[in-house]
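Residue strings, one per chain:
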Amino acid sequence: MRLLLRTLLRLLLPAWGFFDVVGVVPVLEWRPMASEGQWGPWRPVLTAPRWQWWHAVCHPAGTRMLALHAVVDRATFACLQHDEDATESLTLVSHLVEQVATSTDPQGLTHGWAWRLVAQDGADLQVVYQREHPRALP
Amino acid sequence: MSATIPGDAGLAQTILWMTRLAGGAAAINALELWAIRTDWSDGGIWRPATLRPTWGALTPLLGSRGFRAVRLAQLSAAMMMIASPVAALGQPVASAATAMVLLGTLLAAMRFRGTVNGGSDGMLFTVLIGLLLSRLAPPDSRWAQAGVLYIAAQLTLSYLRAGLVKVTRRPWWTGEALLAFLRLPAYGAPSPLVAWAETHPGWVRLAGLAVMSFECVALIAWRSPTWCLMVIAVALVFHGTVALLFRLNRFLWTWGAAMPSLWYAAQLLR
């Protein structure tokens, strides 16, 4: 009921605040464990999908990408503000990284991976959250 | 004040066109979510096991199977809205289709907590609420008119609010804000364009000022049909450009669906 009321309120009284100003830019990065205790380099999790002109009509991959960035934004700002809802957002981010790590890098699948949320404000970088997912060797 | 507006053919036409356009926007919305269904199924990113604790009695509709059924129902209802020789379908069928799409939009907003294109879902919901009010009210009544004018007011407010906030931000006057948005990885603007923008700050500043000016003066659409046509033309160019550069295709269709309401408002105040 609380979720229904909150959603209705948000939809009935939209803030219409688009493109106000860019402040802190959250970035989600991950790295695989190449071998026992040896980490690979940090790399971005989200990369823009290829664009065709007809995507101006329908663009599932683009919509997905924007939604994933929204998930990352929410998790980062929840961590920065010590929000009690941070757990759910961080779990969604964890699912996302797991999907990327296990589908793109066999080493990550074998040994494990780590991910972190970085708040980028101009040249300043602040790691706001970091988690490791080591996997036991078979 | 009279409760009905005798012979207001403009109102009926406005409702008909907005029904078709909103149906199109809702169909695209449903198709896009269907295309990424593995992400909201078991084992996906927005998996039910993680989000279920807050769903309560709506769990059957928001779980993997239930939400697939909701998506298909929304797509079917949206197609009925597009096909909308509503006269042939009948008012009750058109109202039911609009209500179904409205419910689907609400459930999607709950399912993803506003992360899947929150703003465009907000405008689609606004259009659908206004349309449903217009359809449930007696034809040509003040209530039917109020539904359309509600959409026109929210559409104008969406530009005005965004413009007024930009005016108070110095980076929008210098062009830095627009450049920063072009650089954001979330929007994935074409890299040649970003490189060009970085070396042509004067043009970027001009573009930023143009966006701000348009949003702030959009209210003049209510002044006369001529002004309204100009605002609608500029708005469509603006949303088309945003769709191409920032990948926000849904904004083009949902804001486009609301445009006939602005035309109706301008005609009414003539």
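Please read all numbers here as calculations on a predicted model, not as lab measurements.

Asks: I'm lost on the overall build of chain B in this one. Help?
Replies: A tally of regular secondary structure across chain B gives 14 helices and 0 strands. Starting at the N terminus and walking to the C terminus, you meet the elements of chain B as α-α-α-α-α-α-α-α-α-α-α-α-α-α. For 270 residues, the compact-globule estimate of 2.2 N^0.38 gives 18 Å, and chain B sits close to it at 20 Å. Along the first, second and third principal axes, the C-alpha atoms of chain B reach 55 × 55 × 30 Å. Across the 270 residues in chain B, those meeting the buried criterion constitute 55%. The long-range fraction of contacts in chain B, counting pairs at least 24 apart against all pairs at least 6 apart in sequence, stands at 75%. Counting only carbon and sulfur atoms, one obtains 72% of the accessible surface of chain B, whose full area is about 11,300 Å². For chain B, the centre of its 21 positive side-chain charges and the centre of its 9 negative side-chain charges are spaced 3 Å apart.

Asks: What exactly am I supposed to notice about helix H6 (residues 91-112) of chain B here?
Replies: Count 3.6 residues to each turn of an α-helix, and residues three or four apart come out pointing the same way. For H6(B), built from 22 residues, the straight-helix expectation of 32 Å at 1.5 Å per residue is met to within 8% by its first-to-last C-alpha distance of 32 Å. Of the residues flanking the end of H6(B), it is B:Arg113, one or two places downstream, whose phi is positive at about 55°.

Asks: Please explain the interface of chain A and chain B as it appears in this structure.
Replies: In many reports, interface size means the accessible area that the parts give up when they come together. On the side of chain B, 57 residues touch chain A, which itself brings 43 residues to the contact. For the chain A and chain B pair, buried surface summed over both sides reaches about 4,700 Å², with 69% attributable to carbon and sulfur atoms. Across the chain A-chain B interface, the total number found is 2 salt bridges. Residues A:Glu88 and B:Arg113 are paired through a salt bridge, measuring 2.5 Å at the closest nitrogen-oxygen approach. Here chain A is connected to chain B by 11 residue pairs in polar contact (both at pLDDT 80 or more). Taken together, the elements giving at least two residues each to the side of chain A that touches chain B come down to helix H1 (2-12), helix H2 (60-80) and helix H3 (86-104) of chain A. With 10 residues, the top contributor of residues to the side of chain A that touches chain B is H2(A). In terms of residue class, the side of chain A that touches chain B is made up of 28 nonpolar, 9 polar and 6 charged.

Asks: Looking at this structure, I do not really get a nonpolar patch on the surface. What am I missing?
Replies: All names here are of chain A. A grouping of Leu9, Leu12 and Leu13 is seen on the molecular surface, where their side chains present a nonpolar patch of about 300 Å² in accessible area. Looking at the secondary structure, you find leucine 13 in the loop between H1 and strand E1 (25-35). On the basis of relative accessible area, leucine 13 is assigned to the exposed category, the value being 61%.

Asks: I would appreciate a short explanation of the pattern of salt bridges in the present structure.
Replies: Between side chains of opposite charge, a pair can form when the charged atoms approach closely. Going through the model one piece at a time under the given rule, you end up with 7 salt bridges over all chains. As a salt-bridge pair, A:Glu29 and A:Arg116 come within 2.8 Å of each other at their nearest N and O atoms. Pair noted here: A:Glu29 is in strand E1 and A:Arg116 is in strand E4 (residues 112-121), with a separation of 87 residues, a long-range link. Here B:Asp39 and A:Arg64 are joined by a salt bridge, their closest N and O atoms 2.5 Å apart. A residue pair is termed interchain when its members come from two chains, as with B:Asp39 in the loop between helix H1 (9-35) and helix H2 (48-51) and A:Arg64 in helix H2. Taken individually, B:Asp39 and A:Arg64 each receive the classification buried, so the pair is uniform in this respect. Through salt bridges that share partners, B:Glu32, B:Asp121 and B:Arg250 make up one connected network.

Asks: Whenever I open this one, the layout of surface pockets confuses me. Can you help?
Replies: Where empty space is left in the structure can be found by rolling a water-sized probe over the atoms. Of the volumes computed, that of the second largest pocket is approximately 590 Å³. Residue lining of the second largest pocket: 24 residues in total, with A:Arg6, A:Arg74, A:Asp85, A:Glu88 and B:Arg113 positioned closest to the centre. Residue assignment for the lining of the second largest pocket shows that the elements contributing at least two residues are H1, H2 and H3 of chain A together with H6 of chain B. The element contributing the most residues to the lining of the second largest pocket is H1(A), with 5 residues. When grouped by side-chain class, the residues that make up the lining of the second largest pocket number 10 nonpolar, 5 polar and 9 charged.

Asks: How do you make sense of a positive patch on the surface when you look at a structure like this?
Replies: All names here are of chain A. A grouping of Arg2, Arg6, Arg10 and Arg74 is seen on the molecular surface, where their side chains present a positively charged patch. Considering every element that reaches the positive patch, the biggest residue donor is H1, with 3 residues. Take arginine 10: it is sitting in helix H1. Owing to a relative accessible area of 32%, arginine 10 belongs among the partly exposed residues under this scheme.

Asks: Which parts of the structure should I look at to understand H2(A)?
Replies: When the terminal C-alpha atoms of H2(A) are compared, their 30 Å separation across 21 residues agrees well with the 30 Å that a helix rising 1.5 Å per residue should span. Once H2(A) finishes, A:His82 follows within two positions and takes phi at roughly 50°, a positive value.

Asks: Hey, could you run me through the packing of aromatic side chains in this one?
Replies: All names here are of chain B. Applying the stated rule across the entire model yields 9 aromatic pairs over all chains. Between the aromatic rings of tryptophan 40 and phenylalanine 67, the centroid separation amounts to 4.9 Å while the plane-to-plane angle is 85°, which identifies the pairing as edge-to-face. Of this pair, tryptophan 40 sits in the loop between H1 and H2 while phenylalanine 67 is found in helix H4 (residues 64-83), placing the two residues 27 residues apart along the sequence. Each member of the pair, tryptophan 40 as well as phenylalanine 67, is classed as buried. Each residue in the set Trp40, Trp46, Phe67 and Phe112 is aromatic and connected to the rest through ring pairs, giving one cluster. The ring centre of tryptophan 17 lies 5.0 Å from the NZ or CZ of arginine 20, which sits over that ring. Positioned over the ring face of tryptophan 172 is lysine 166, at 5.1 Å from the centre of the ring.

Rules used in this analysis
Residues numbered from 1 in each chain as written. Chains lettered and ligands numbered in written order. Predicted model: local features only at pLDDT ≥ 70, side-chain atom pairs only at ≥ 80, totals over all residues. Heavy atoms only, no water. Helix = DSSP H or I, 4+ residues; strand = E, 2+ residues; numbered from the N terminus. Rg over C-alpha atoms; globule rule 2.2 N^0.38 Å. Buried < 20%, exposed > 50% of the residue type's maximum accessible area, 1.4 Å probe, protein only. Contact = heavy atoms within 4.5 Å. Areas by Shrake-Rupley, 256 points an atom, 1.4 Å probe, with all protein chains shown as cover. Lys, Arg positive; Asp, Glu negative; His and termini not counted. Charge placed at Lys NZ, Arg CZ, Asp CG, Glu CD. Expected span 1.5 Å × (residues − 1). Buried area = accessible area lost by both parts, 1.4 Å probe. Salt bridge = Lys/Arg side-chain N within 4 Å of Asp/Glu carboxyl O. Polar contact = N/O pair within 3.5 Å; in protein donor to acceptor, adjacent residues only side chain to side chain. Nonpolar A, V, L, I, M, F, W, Y, C, P; charged D, E, K, R; others polar. Patch = residues over 30% accessible without salt bridge, like charges linked within 9 Å, V, L, I, M, F, W, Y side chains within 5 Å. 1 Å grid on protein atoms, 1.4 Å probe; cavity = no way out; pocket = protein on both sides within 12 Å on 5 of 7 lines; lining within 4 Å. Points joined across faces, edges and corners; volume = space filled by probe spheres on them. Phe/Tyr/Trp six-rings, centres within 6.5 Å; stacked < 30°, edge-to-face > 60°. Lys NZ or Arg CZ within 6 Å of the ring centre and 35° of its normal.

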